[in-house]
Amino acid sequence: MKRPNLYILLLFFLLLLPFGQTTANGNDSIRLSLLTCAPGEEIYSLFGHTAIRYEDPANGIDAVFNYGLFSFNTPNFIFRFSLGETDYQLGATDYAHFAAEYAFDGRSVWQQTLNLSKEEKAELIRLLQENYRPENRVYRYNFFYDNCATRPRDKIEESIIGKVIYPSESQDGSRSFRDIVHQYCKGHPWARFGIDLCIGSEADRPITQRQMMFAPFYLMDAFAGAQIANDSIQRPLVSDKALIVDAVSDEEEGGWMPTPLQCSLLLFILTAAATIYSLRKRTGLWGVDLVLFGTAGIVGCVLAFLALFSEHPAVSSNFLLLVFHPGQLLFLPYIIYCVRKGKKCWYLTLNLIVLTLFIVLFPLIPQRFDFAVVPLALCLLIRSASNLILTSKKK
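Residues numbered from 1 in each chain as written. Predicted model: local features only at pLDDT ≥ 70, side-chain atom pairs only at ≥ 80, totals over all residues. Heavy atoms only, no water.

Enquirer: Please explain the overall build of the protein chain as it appears in this structure.
Expert: Within the protein chain, the regular secondary structure consists of 16 helices and twelve strands. Out of the 395 residues belonging to the protein chain, those deemed buried represent 48%. Contacts spanning at least 24 positions in sequence make up 79% of the contacts within the protein chain whose residues lie at least 6 apart. Carbon together with sulfur atoms contributes 61% to the accessible area of the protein chain, which is approximately 19200 Å² in total. (Helix = DSSP H or I, 4+ residues; strand = E, 2+ residues; numbered from the N terminus. Buried < 20%, exposed > 50% of the residue type's maximum accessible area, 1.4 Å probe, protein only. Contact = heavy atoms within 4.5 Å. Areas by Shrake-Rupley, 256 points an atom, 1.4 Å probe, with all protein chains shown as cover.)

Enquirer: What's the story with the pairing of strand β4 (residues 87-94) in this structure? I'm lost.
Expert: Note on strand geometry: in a regular strand, side chains alternate between the two faces of the sheet. Pairing of strand β3 (residues 61-69) with β4, which is carried by five bridges, proceeds in the antiparallel orientation. When the bridges of β4 are listed, A63 appears paired with D94. Bridge analysis of β4 against strand β6 (residues 138-140) gives three bridges, and the strand direction is antiparallel. Across the sheet, the residue bridging to Q89 is V138, located in β6. (Pairing = 2+ DSSP bridges.)

Enquirer: Please explain the sheet that holds strand β12 (residues 238-245) as it appears in this structure.
Expert: Within a sheet, adjacent strands bond to each other through the backbone by hydrogen bonds, running parallel or antiparallel. If you trace the seven strands from one edge of the open sheet to the other, you get β6-β4-β3-β2-β1-β5-β12, paired in antiparallel fashion. The open sheet has two free edges, formed respectively by β6 and β12, since each of these has just one partner strand. Strand-to-strand twist of the sheet, defined as the mean angle between neighbouring strand axes without regard to direction, takes the value 25°. Direction of pairing for strand β1 (residues 31-37) relative to strand β5 (residues 109-114): antiparallel, over a ladder of five bridges. (Axes fitted to C-alpha atoms, helices over the stretch in contact; angles between N-to-C directions.)

Enquirer: What's the story with the environment of Q111 in this structure? I'm lost.
Expert: Here Q111 is to be found in strand β5. For Q111 and C37, which are 74 residues apart along the polypeptide, the C-alpha to C-alpha distance reads 9.0 Å. Setting aside residues up to four positions removed in sequence, Q111 forms contacts with R31, S33, L34, L35, R53, E55, D240, K241, A242 and I244. Within polar-contact distance, the side chain of Q111 engages the side chain of R53 at 2.7 Å. (Polar contact = N/O pair within 3.5 Å; in protein donor to acceptor, adjacent residues only side chain to side chain.)

Enquirer: Explain the pairing of strand β11 (residues 233-236) here, please?
Expert: Bridging between strand β10 (residues 227-230) and β11 involves four bridges; their strand directions are antiparallel. Paired with I228 across the strands is R235, a residue of β11. Linking β10 back to β11 in an antiparallel pair, the connection comprises two residues, with D231 at a positive phi of about 55°.

Enquirer: Is there a simple way to explain the UniProt feature "transmembrane region" (unreviewed entry) in the protein chain in this structure?
Expert: Those places that UniProt annotates as "transmembrane region" (unreviewed entry) correspond, in this numbering, to residues 259-279, 286-307, 319-339, 346-365 and 371-390. Secondary structure over residues 346-365 splits into 75% helix and 0% strand, and the C-alpha atoms at its two ends are 26 Å apart. (UniProt positions renumbered as here; feature names shortened; annotations may be inferred.)

Enquirer: Would you explain the packing of helix α5 (residues 118-132) against helix α6 (residues 150-159) in this entry?
Expert: Relative orientation and spacing of two packed helices are given, respectively, by the angle between their axes and the distance between those axes. Two numbers describe how α5 lies on α6: the axes approach to 8 Å, and their chain directions differ by 135°. When the axes of α5 and α6 are compared, the pair comes out oblique. The handedness of the crossing between α5 and α6 is right-handed. Residues E120, E123, L124, L127 and N131 of α5 pack against R151, K155, I156, E158 and S159 of α6. (Parallel < 35°, antiparallel > 145°, perpendicular 65-115°, else oblique. Left-handed = near helix turned anticlockwise from the far one by under 90°.)

Enquirer: Could you clarify how one ought to interpret the nonpolar core in this entry?
Expert: One recurring pattern in soluble globular proteins: nonpolar side chains tend to sit buried together. Core analysis: the largest hydrophobic core is formed by 58 residues, its most contacted members being F65, L114, I156, I180, F223 and L237. If you list the elements that add at least two residues to this core, you get β1, β2 (49-56), β3, β4, α5, α7 (177-184), α8 (189-198) and α10 (216-224). When residues of this core are assigned to their parent elements, the largest contribution, six residues, is made by α10. For this core, the domains that each give at least three residues are domain 1 (29-173 + 206-243) and domain 2 (258-391). Among all residues touching I156, those that are not within four sequence positions of it are L34, I52, L114, L124, F223 and L237. Counting 32 residues, the second largest nonpolar core, distinct from the first, contains L292, A296, L355 and A377. (Core = buried A, V, L, I, M, F, W, Y, C linked by side-chain atoms within 4.5 Å. Domains from an automatic or database assignment.)

Enquirer: It is not clear to me how the side chain of Q328 should be interpreted in this structure. Could you clarify?
Expert: For Q328, the position within the fold is in helix α13 (residues 327-330). In this structure Q328 comes out as buried when scored by relative accessible area, which is 0%. Side-chain polar atoms of Q328 contact the backbone oxygen of V323, separated by 3.1 Å. Those residues in contact with Q328 that sit more than four places away from it in its chain are F293, A296, G297, V323, Y347, N351 and L380.

Enquirer: Just checking my understanding: could you explain unusual backbone geometry for this structure?
Expert: Glycine aside, residues mostly have negative phi, and peptide bonds are mostly found in the trans state. Positioned with a positive phi, R282 is a non-glycine residue whose angle comes to about 55°. Tracing the sequence through the fold places R282 in the loop between α11 (260-281) and α12 (286-309). On the basis of relative accessibility, which here comes to 56%, the residue R282 falls in the exposed class. With a phi angle near 50°, S317 is a residue other than glycine that sits in the positive phi range. The topology assignment puts S317 in the loop between α12 and α13. On the basis of relative accessibility, which here comes to 40%, the residue S317 falls in the partly exposed class.

Written out as structure tokens, the structure reads:
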């Protein structure tokens with residue numbers, strides 16, 4: 001969720017600092033906070049970001065621990081990301097540099113001061129130090145289950161003597177992963193469309209409040225009402241909240257861009273017009289079929305690859321494979337051959353049946369689809385039907 005930058009890493013200073021002595025002297029000036037950053041415009045920053053701030057004025061420390069570092073320059077980054085094998089790492093940077101970057105990007109930052117005891121502060125610092133060691137800082141990133149928001153939460157919980165009780169923890173099932181994705185993709189229809197294509201029915205299952213914390217602002221809200229319970233004594237997890245970077249997003253007025261639904265409807269109209277023309281002229285339009293079925297097959301190969309080989313749990317069981325599947329590409333030469341020769345194609349018959357069932361049963365399929373998929377499926381359906389009509393007339 002956070003792009004890589006030229007951070008000033010506090011490697012030796014942070015790892016070697018004698019925290020034990022500071023705690024022993026009773027210095028209570030140390031402050032640890034959860035930082036929540038506003039979303040950005042890039043697709044990997046649409047959901048915001050989370051980090052942990054560590055302040056120790058006595059030792060001149062004001063650092064930010066950030067579990068969101070990655071690099072696009074990593075070999076085979078896109079391929080590894082699609083497989084769910086992306087490695088992120090914990091980084092540390094000076095707070096002033098961190099705040100300046102977000103202010104420059106027009107992204108506000110909220111700080112929640114953690115209400116920790118001296119022992120809990122010392123333990124959290126120790127955990128962060130240990131996690132920051134070169135051999136420990138890299139972790140296998142998972143967008144929904146192990147990311148830059150869940151890692152800070154887990155470390156904070158691990159440092160606490162007692163248990164963190166979140167508000168309304170029993171009220172689970174009010175949202176799904178897809179609901180939250182749609183919430184943060186508002187205003188970015190193409191990003192939403194692309195994500196909806198890739199994630200399957202698993203993303204539509206009701207999730208618990210804890211699972212919702214993969215999104216930074218859900219984590220911030222959960223922390224705001226959380227209590228630390230220890231020996232029947234409770235205290236708030238957060239003692240104070242402040243807006244520490246008040247930035248105004250510099251949104252540029254971009255030109256009009258068609259939405260996926262508008263594009264798919266236009267494609268359907270053009271395909272329907274071409275199909276009517278071909279039926280009247282009693283001629284096959286194999287060029288149109290080449291583009292439509294070829295594109296559907298390429299998309300299907302990507303979806304099948306994700307469903308079969310990716311470690312992302314939410315991309316399996318994708319019912320869009322009924323429309324976009326590798327068979328559209330695999331049998332494309334046979335489709336074109338039948339269209340050009342005027343022969344009846346058994347594959348188009350099967351395709352027509354499957355696509356008809358998909359359209360008819362669309363509301364009953366246990367997966368939410370972007371409605372732009374419907375005109376695309378109809379394009380494939382009418383091309384299959386028209387070719388069958390033409391070959392039957394010739395017979």
